[in-house]
Structure formats: C-alpha cells, structure tokens
Amino acid sequence: MSIRHGLLALLSQGPRYGYQLRAEFEASTGATWPLNIGQVYTTLSRMERDGLVASGEEDEQGRVVYTVTEAGRAEMERWFSTPVAQSDRPRDELVIKLAMAVTAKDVDVGKVVQRQRTATMRTLQELTRAKRASSAGPAQRLVLDSMIFQAEAEQRWLDHCEAVLKEAGA
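Quick look at the structure, then.

Reading the values: rules and limits
Residues numbered from 1 in each chain as written. Predicted model: local features only at pLDDT ≥ 70, side-chain atom pairs only at ≥ 80, totals over all residues. Heavy atoms only, no water. Axes fitted to C-alpha atoms, helices over the stretch in contact; angles between N-to-C directions. Helix = DSSP H or I, 4+ residues; strand = E, 2+ residues; numbered from the N terminus. Parallel < 35°, antiparallel > 145°, perpendicular 65-115°, else oblique. Left-handed = near helix turned anticlockwise from the far one by under 90°. Contact = heavy atoms within 4.5 Å. Nonpolar A, V, L, I, M, F, W, Y, C, P; charged D, E, K, R; others polar.

### What about the packing of helix α5 (residues 93-103) against helix α7 (residues 138-168)?
Logical step 1: Where α5 contacts α7, the two axes come as close as 13 Å, and the packing angle between them is 15°. As summarised for this structure, α5 and α7 are arranged roughly parallel, according to the angle between their axes. Helix-helix and strand crossings are classified by hand; for α5 and α7 the assignment is right-handed. Residue-level inspection shows Leu94, Val95, Leu98 and Val102 of α5 in contact with α7, the latter providing Glu154, Trp157, Leu158, Cys161 and Leu165.

Written as structure tokens, this is what we have:
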C-alpha cells in the first residue's frame, strides 16, 4: 500500500498535520496497517520536495499543517484511476517458504503446510470475530473483508499444496 497516496487522499479532504494524518489513516484501515509517526513525516517531507503537498506555518503547539497541491491532486487521481498490477505487490513470503521447503533437504513440507493452516485458521477466526464485533464504517469493513477473503484463499491454496505434494510423492 502506498502510504504516500493514502496521505494524499486524506489531505484531499482538507489541511491536516502529521498526527491527524496518522490517526485518520489508521482509522480508515481499522488500524490494520499502523504507521510510525516518523514514517508519516518522512513521507510528507518527500511529498513536499516533489511538489505534491505544501506546508504551512507552525501553530502555537509547533504543529505544521500540510495541504495537497494541484500536482498532489493529479497524482492522487492518477493513483485511483490506475489498477494495481500483480507485479506491484510485495513478494509472498509463504509462497517462497513452501517453495524452498520443497527443495530443501530434511524439511517435512507437510508439517510446514499444517502449521501454516493452523495459523491461518486462527487468523481467520480472529478476523471473523472482529468483523462481528465491529461497528466500523465501510472503509474499515472493506479492509476486514479483504483480510478474511485472503485468509480463506490461503486455506484453499494450502489444500491445493497438499494435493500437489501428495501427487508428487513429496
């Protein structure tokens, strides 16, 4: 996820200072992807350097308010209008782990798959409970739904891995 673009989207709603951006980002994502405040200010500095945001004067509490520029709005609109390609997503550590387990000596791949299945099921149960208990708005619900769907897909993929390994005699 592009923090830069997320901050631009929040700034498109009006001027904000760093701590507000951090809090609103986390609220929008249901605190699924917590941000370090240093990461927020580093990103804001880079966006200011790139002409995407402008900083105002410090207020009496030493906070600097940022606003999105026209170039920032154009960048945000470009981001929203461009689909996310599979190649733009980070590597999947689980896929790499299982591929390496299959090729490594003295690794019980079945146990690796089973441990992952247990952990994924636990995560799925936690997410489902969180969704039932949540009174979150649509943004937070979409994030939770996405995480639930990903966990369900991972379970199906693990089933497939077991079938392929069984077929291959591994």
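That shown, we press on.
### A word on the packing of helix α2 (residues 18-28) against helix α3 (residues 37-49)
In a packed pair of helices, the relevant descriptors are the angle between the two axes and the axis-to-axis distance.
Logical step 1: One way to put it is that α2 packs onto α3 with a least axis distance of 9 Å and a crossing angle of 115°. Every pair of crossing elements has a handedness; the one defined by α2 and α3 is right-handed. Residues Gly18, Tyr19, Leu21 and Arg22 of α2 lie in contact with α3, whose contacting residues are Ile37, Val40, Tyr41 and Leu44.
Logical step 2: Residues belonging to the contact of α2 with α3 are distributed by class as follows: 6 nonpolar, 1 polar and 1 charged.

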